[in-house]
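An overview of the molecular structure
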Amino acid sequence: MRRTQVAIVGAGPAGLLLGQLLYKEGIETILLERRSAEYVSGRIRAGVLEPGTVNVLERAGVASRLHAEGLLHEGVEIGFRGRRHRINLKALTGKSVTVYGQTEVTRDLMDARAAAGAPSVYEAEDVALHDIAGPSPRVTYRHRGVGHEVACDFVAGCDGFHGISRRSIPAAALSVYERVYPFGWLGVLADFPPPWEELIYANSEHGFALASMRSPTRVRCYLQCSLEDRIGQWSDERFWTEFGRRLGSEIGARVPSTPIAPSIEKSIAPLRSFVAEPLRFGRLFLAGDAAHIVPPTGAKGLNLAVSDVFYLSEALRNFYREPPGDRAESALDAYSARALRRIWHAERFSWWMTRQLHRFPGDAFDERLQHAELEHLFESRAAQASMAENYVGLAL
Ligand SMILES: Cc1cc2nc3c(=O)[nH]c(=O)nc-3n(C[C@H](O)[C@H](O)[C@H](O)COP(=O)(O)OP(=O)(O)OC[C@H]3O[C@@H](n4cnc5c(N)ncnc54)[C@H](O)[C@@H]3O)c2cc1C
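Here's a quick rundown of the structure. (Residues numbered from 1 in each chain as written. Predicted model: local features only at pLDDT ≥ 70, side-chain atom pairs only at ≥ 80, totals over all residues. Heavy atoms only, no water.)

**Describing the site of the ligand**
Convention followed: Throughout this document, a residue counts as near a molecule or strand when at least one of its heavy atoms sits within 4 Å of that molecule or strand. Here a polar contact means two N or O atoms within 3.5 Å. Within protein one must be a hydrogen donor candidate and the other an acceptor candidate, and residues neighboring in sequence count only if both atoms are side-chain atoms. Using a 1.4 Å probe, the Shrake-Rupley method yields the accessible areas, and only the shown protein chains count as cover for residues. Here a helix means four or more residues in a row that DSSP labels H or I, a strand means two or more in a row labelled E, and each is numbered from the N terminus.
Close to the ligand lie 29 residues, the nearest being Glu-33, Arg-43, Arg-45, Gln-102 and Asp-289. In this structure, an oxygen atom belonging to the ligand sits 2.7 Å away from a side-chain N or O atom of Asp-289. Separating an oxygen atom of the ligand from a backbone N or O atom of Lys-300 is a distance of 3.5 Å. Computed on the free molecule, the ligand has an accessible area of 1,000 Å², of which 86% lies beneath the protein chains in the complex. Listing elements by their share of the shell around the ligand, those giving two or more residues are helix H1 (13-24) and helix H9 (301-321). Per element, the largest residue contribution to the shell around the ligand is 3 residues, and it comes from H9.

Okay, here's the thing in structure tokens:
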């Protein structure tokens, strides 16, 4: 049986970053990931980093490529009733966000872990947690047909929404809060220089749309779609036509049309708000999507994963800093409440952005309120400051 201090389940941004932050503190980890390294490093997901996230990545020693290649954005635009309104993040908060794909963050973290020589097991099957309620937890898994067992002090459950960590906690010990939205996001990744300078979020009568980018040569765009829609129903041509309809002809005309910009990835994701609390059960800690989901409208999913593991790494550092006989669990006890406070602020903001920008079926009263809220936002500097403060992220 192998022994380590912290067994990390999941090599998404939460698990990889936690491993790197703990490595910097001299704390031993093993990382167990169900998928292959190629699959993990190729996955297309988020792309907007709060300045607090950039700070944590700097502390982890993985920000040099981010600083060289990331795009600093000082504002975002909101399209409504044929006009675009700019929210000047920099003027309102003194801060900017950085556009740098989660794929790149993941690659930087994987490279750093490999350089550190820290153990990672990709394609780990049947990962299972044992004795997490007591002081001597164990993790078992199979790799290339061979069974393995790891004894550890703590388990970090960073295995995303569908992972096994949260499900290893008895239902009676968790409270779950959830909202499922009656639509999804159809996302397209395409290789052409973004013909818009900043992200444009559009509330149109045909539904929400987002013009975004991942690099100076790659765009990422989304359309609100029905949960019944299937990828096969959305040819590239149909996607870009609808995109132009929702964002307005001026933006639509900037998308290459002859030939039509081909997608290099296309996916449909349902929108959900979800929080499971507390984030600790015995010797198991939950972090990132394993504990919570936000609809992507506020660009908070990746940023929350980073703040969770930043808090968790601090708690573990404070625990291990004391000599073995004197170790108190007060910092570990505080992790859940500290992280949840920030999680709920991000949940509120993501819900608010989703509520203001999408078409909801049915209620005309709610629609009038949504329009009044948007007009207030465009007219009130105080309302813009509130949005900007949340968009760039609350203090860590
Ligand atoms: C399709 C998609 C698009 C998204 N787009 C955006 C966006 O545009 N903006 C935004 O802010 N956020 C977005 N998000 C959310 C954001 O990407 C996540 O919040 C972020 O990835 C959370 O990181 P994580 O490490 O907590 O979880 P994950 O990235 O989900 O990583 C969890 C890891 O655990 C592994 N795992 C799962 N089960 C097991 C198991 N049993 N054993 C071992 N390993 C396991 C998984 O393979 C995965 O590698 C998107 C998410 C998805 C799914």
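From this point, things continue past the structure.
**Some remarks on empty space enclosed by the protein**
Filter applied, for reference: Lining residues are those with an atom within 4 Å of a point, where the points come from a 1 Å grid over the protein atoms alone and group into cavities, where a 1.4 Å probe fits but cannot get out, or pockets, open sets with protein on both sides within 12 Å along at least five of seven lines. Grid points are joined across faces, edges and corners, and a volume is the space filled by probe spheres set on the points. Each residue gets one of three labels, nonpolar for Ala, Val, Leu, Ile, Met, Phe, Trp, Tyr, Cys and Pro, charged for Asp, Glu, Lys and Arg, and polar for the others, Gly among them.
Taken as a whole and judged by the stated rule, the model has 3 cavities of 30 Å³ or more. Each pocket or cavity is described by its volume, and for the largest cavity that value is around 70 Å³. Around the largest cavity, the lining residues are Glu-50, Lys-300, Leu-304, Arg-342, His-345, Ala-346, Phe-349, Asn-390, Gly-393 and Leu-394. For the lining of the largest cavity, the element with the most residues is helix H10 (residues 330-357), which contributes 4 residues. Split by residue class, the lining of the largest cavity holds 4 nonpolar, 3 polar and 3 charged. If you trace the second largest cavity, you find it lined by Ala-11, Gly-12, Pro-13, Val-40, Arg-43, Arg-45, Gln-102, Thr-103 and Thr-106. Looking at which element gives the most residues to the lining of the second largest cavity, the answer is helix H6 (residues 102-116), with 3 residues. Across the lining of the second largest cavity, the residue classes break down as 3 nonpolar, 4 polar and 2 charged.

**Some thoughts on the layout of surface pockets**
Taken as a whole, the second largest pocket encloses approximately 330 Å³ of empty space. Looking at the second largest pocket, it is lined by 20 residues, and the ones nearest its centre are Phe-80, Arg-81, Gly-82, Ser-204 and Arg-246. Mapped by element, the contributors of at least two residues to the lining of the second largest pocket are strand E5 (75-80), strand E6 (83-88), strand E13 (200-204), helix H7 (236-247) and helix H8 (249-252). Considering each element in turn, the lining of the second largest pocket owes the most residues, 4 residues, to E13. For the lining of the second largest pocket, a count of residues per class yields 5 nonpolar, 7 polar and 8 charged.

In short, the description is geometric, and any link to function would need to be established separately.
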